[in-house]
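These are the residues of each chain, in order.
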Amino acid sequence: MPRAVLSRTVTEADWDATIVTDAARVRGPADAADGDTHVFGGSSTVAALAEADLVDGYRIVVHPVVPGGGTPFFPALANRQPMTSVESRTFDGRVTGLRYARARVTS
Amino acid sequence: MTRNVVLYELMSLDGFADDPGEGDWFGDADERLIGYLADVIGRQDCVLLGRRTFEKWAPHWPSSTMQPFADFINTTPKLVFSSTAPSLDWPGTTHVTEPAPAFVAGLKQRDGGDIGVHGSLTLARALLAAHLVDELRLVVAPSLAGGGKRPFDGATCSASSSSARTAPAAACCSTTAAAPDHVHRRRLTHSHIGI
């Protein structure tokens with residue numbers, strides 16, 4: 001599985017990973033892949049991609065707790081980003097899984 | 001016999017809950033969302049409002065024909081929480097100067113149906129912080145608003161159960177029963193997020 005690591009400071013990465021220093025350039029490895037590219041990252045990684053409007057879909061697991069603090073998952077955005085609701089389900093009466101696709105105007 | 005306080009909020013996917021009339025992220029409600037709203041308000045016989053929501057709604061709803069909410073909000077007894085007297089008149093409204101948590105704690109002990117909180121983000125936060133909210137009814141629009149007001153800033157509570165349904169293509173409706181006795185905090189990590 002091809003891997004890319006997003007970092008402005010890392011210069012070498014083991015595990016056959018490509019280093020991407022600018023979120024805007026993540027499309028290169030993503031477009032080279034056959035299927036979807038999954039992002040496993042903290043909120044700052046996803047924020048950088050969301051701000052550049054590079055996220056095509058979200059799979060979100062919502063836990064039934066109001067934490068009252070912490071880092072919001074979604075960053076402040078300059079522009080609204082409409083989505084399409086693809087799926088929502090409740091796993092065990094507590095945790096809700098949500099799936100959204102970015103709704104883009106096709107030209 | 002105690003009554004449930006039910007918080008009904010329309011939110012964007014990134015957790016903002018500004019007035020949908022002012023935010024353009026919400027989209028149009030379809031009949032499933034109207035049905036969900038009808039189910040929520042059908043159990044309520046009292047509505048709590050903060051001052052800002054009251055001042056927006058008092059000039060709007062008396063002449064509105066948007067059903068079922070217009071008839072509901074115009075005929076249901078309303079309590080508006082404000083340290084100063086509201087400048088507007090809306091039949092069926094009682095002005096409360098007492099701090100909301102103490103007043104609502106007493107109200108919950110009386111007989112009656114659900115006590116609804118609609119909009120009123122400052123009031124909602126105060127009631128959440130005081131662990132007086134029994135149920136969250138959240139309608140989540142499929143849009144990242146990017147900015148606005150978050151209803152859950154500074155509030156903590158955990159919830160015992162939830163159900164979700166996709167109502168219109170536009171929204172996801174979530175019903176969550178709050179369990180204020182088991183308060184804990186967690187950080188938001190990866191794609192696992194709190195409410």
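Preceding this section is the structure that the text describes.
If you're wondering where the values come from, they're calculated on a predicted model, not measured in any experiment. (Residues numbered from 1 in each chain as written. Chains lettered and ligands numbered in written order. Predicted model: local features only at pLDDT ≥ 70, side-chain atom pairs only at ≥ 80, totals over all residues. Heavy atoms only, no water.)

Re the pattern of salt bridges
- On inspection of all chains with the given rule, the structure shows 13 salt bridges over all chains.
- Across the pair A:Glu87 and A:Arg89 runs a salt bridge, and its minimum N-O distance is 2.8 Å.
- Between B:Asp39 and B:Arg137 there is a salt bridge; the shortest N-O distance is 3.5 Å. Taken together, the residues B:Asp39 in helix H1 (residues 31–42) and B:Arg137 in strand S6 (residues 135–141) connect sequence positions 98 residues apart.
- On the basis of relative accessible area, B:Asp39 is assigned to the partly exposed category, the value being 28%.
- You can call B:Arg137 buried: its relative accessible area is 5%. (Salt bridge = Lys/Arg side-chain N within 4 Å of Asp/Glu carboxyl O. Helix = DSSP H or I, 4+ residues; strand = E, 2+ residues; numbered from the N terminus. Buried < 20%, exposed > 50% of the residue type's maximum accessible area, 1.4 Å probe, protein only.)

Remarks on the nonpolar core
Residue and element names in this part refer to chain B.
- Among the nonpolar cores identified, the biggest contains 26 residues, and Leu48, Phe81 and Leu127 are the most heavily contacted of them.
- Those residues in contact with Leu48, other than ones at most four positions away along the chain, are Leu79, Phe81, Val104, Leu107, Ile115, Gly116, Val117, His118, Ser120, Leu123 and Leu127.
- Ranked by size, the runner-up nonpolar core spans 25 residues in total, among them Phe26, Leu49, Ala58 and Trp61. (Core = buried A, V, L, I, M, F, W, Y, C linked by side-chain atoms within 4.5 Å. Contact = heavy atoms within 4.5 Å.)

Regarding the environment of B:Leu144
- Mapping B:Leu144 onto the fold places it in strand S7 (residues 143–144).
- Measuring from C-alpha to C-alpha, the distance between B:Leu144 and B:Leu37 comes to 22 Å, with 107 residues separating the pair along the chain.
- B:Leu144 has contacts with A:Tyr58, A:Phe74, A:Leu77, A:Asn79, A:Arg80, A:Gln81, A:Met83, B:Leu13 and B:Asp14, leaving out every residue within four places of it along the chain.

Things to note about helix H4 (residues 100–108) of chain B
Residue and element names in this part refer to chain B.
- Taken residue by residue, H4 has Ala100, Phe103, Val104, Leu107 and Lys108 as its buried positions. Take H4 and look down its axis: the buried residues cluster within an arc of 135°, on one side only.
- Where H4 is buried, its residues touch strand S1 (5–12), strand S2 (44–50), strand S3 (78–81), strand S4 (93–96), strand S5 (114–118) and helix H5 (121–129). (Arc of directions from axis to C-beta.)

Thoughts on helix H2 (residues 43–51) of chain A
All names here are of chain A.
- Among all positions in H2, only Ser43, Val46, Ala47, Leu49 and Ala50 are buried. An end-on view of H2 places all buried positions within 165° of arc, on one side of the element. Exposed side of H2, more than 90 degrees from the buried face: Ser44 and Glu51 are the residues found there.
- Of the surrounding secondary structure, the elements contacted by the buried residues of H2 are strand S1 (3–6), strand S3 (57–62) and strand S5 (81–90).
- Asp53 lies just past H2 and shows a positive phi near 55°.

Everything listed here is a matter of geometry and, on its own, says nothing about what the molecule does.
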